[in-house]
Amino acid sequence: IAWYALFAFPGAFVIALVTRRRGGMARPEAVPLSLLVLIVLSLLAQPLQNMIIRHMEAEADWTALELTEDPEAAKGLFEGFTTSALADPSPPTWAYVLLETHPTIVQRVELVEEWEEEQQGQEP
């Protein structure tokens, strides 16, 4: 909810500010302009929203490794995504920034390897 509020309140302010020239949101003729502004703001915010979601997904992957302690299964799962979901293991940067809501397969496998290195460093 806090992430939503982080984007919703400034967005509502910008929409109100832009539509004020057309008489504000109380006037029906301001609705198309407000929808246009909403779409533009959504497109501009998308890369930041995707970055936040990717971070949360990476945390979820790390937590799963902590709980299962099975890095080989995690690697197999992530590599399986490439064939079963037809996921690009390393998509172009523009597609990753604008469209991807999950870490890439390569990043997920690297995360597993990082987890393994950390576990080896903790062993007595």
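Residues numbered from 1 in each chain as written. Predicted model: local features only at pLDDT ≥ 70, side-chain atom pairs only at ≥ 80, totals over all residues. Heavy atoms only, no water.

**Quick notes on the overall build of the protein chain**
What the protein chain contains, in helices and strands, is five helices and zero strands. Reading the protein chain from its N terminus to its C terminus gives the helix and strand order α-α-α-α-α. If you line up the protein chain on its principal axes, its C-alpha atoms span 70 × 30 × 20 Å. Looking at the protein chain as a whole, 25% of its 124 residues qualify as buried. Long-range pairs, those at least 24 residues apart, make up 63% of the contacts in the protein chain between residues at least 6 apart in sequence. (Helix = DSSP H or I, 4+ residues; strand = E, 2+ residues; numbered from the N terminus. Buried < 20%, exposed > 50% of the residue type's maximum accessible area, 1.4 Å probe, protein only. Contact = heavy atoms within 4.5 Å.)

**Observations concerning unusual backbone geometry**
Residue Glu-69 is not a glycine yet carries a positive backbone phi of 50°. For Glu-69, a relative accessible area of 58% puts it in the exposed group.

**Focus: the pattern of salt bridges**
What the rule picks out here adds up to four salt bridges. Ionic pairing is found between Arg-108 and Glu-57, a salt bridge with its closest N-O pair at 3.9 Å. With Arg-108 in helix 5 (residues 105-122) and Glu-57 in helix 2 (residues 31-68), this pair connects stretches of sequence that are 51 residues apart. Each of Glu-57, Asp-61 and Arg-108 takes part in one network of salt bridges that share partners. (Salt bridge = Lys/Arg side-chain N within 4 Å of Asp/Glu carboxyl O.)

**Brief notes about the packing of aromatic side chains**
Evaluated as defined, the whole model comprises one aromatic pair. The interplanar angle of 55° and the centroid separation of 6.0 Å between the aromatic rings of Phe-78 and Phe-81 together place this pair among those described as tilted. Linking Phe-78 with Phe-81, this pair stays in helix 3 (residues 71-84), spanning three residues, or about one helical turn. Accessibility expressed as a relative area gives 5% for Phe-78, which makes it buried. Phe-81 sits in the partly exposed class, given a relative accessible area of 25%. Sitting over the ring of Tyr-96, Arg-54 keeps its end group 4.2 Å from the ring centre. (Phe/Tyr/Trp six-rings, centres within 6.5 Å; stacked < 30°, edge-to-face > 60°. Lys NZ or Arg CZ within 6 Å of the ring centre and 35° of its normal.)

**Points about the environment of Glu-113**
Looking at the secondary structure, you find Glu-113 in helix 5. Residues Glu-113 and Glu-79, spaced 34 residues apart in sequence, show a C-alpha to C-alpha distance of 13 Å.

**Focus on the packing of helix 2 against helix 5**
For the pair helix 2 and helix 5, the least separation of the axes is 10 Å and the interaxial angle reads 45°. The angle between helix 2 and helix 5 places the two elements in the oblique class. Between helix 2 and helix 5 lies a crossing of right-handed hand. Mapping the contact onto sequence places Glu-57, Ala-58, Asp-61, Trp-62, Leu-65 and Glu-66 in helix 2 and Arg-108, Leu-111, Val-112, Glu-114, Trp-115, Glu-118 and Gln-119 in helix 5. Taken together, the residues of the contact of helix 2 with helix 5 sort by class into six nonpolar, one polar and six charged. (Axes fitted to C-alpha atoms, helices over the stretch in contact; angles between N-to-C directions. Parallel < 35°, antiparallel > 145°, perpendicular 65-115°, else oblique. Left-handed = near helix turned anticlockwise from the far one by under 90°. Nonpolar A, V, L, I, M, F, W, Y, C, P; charged D, E, K, R; others polar.)

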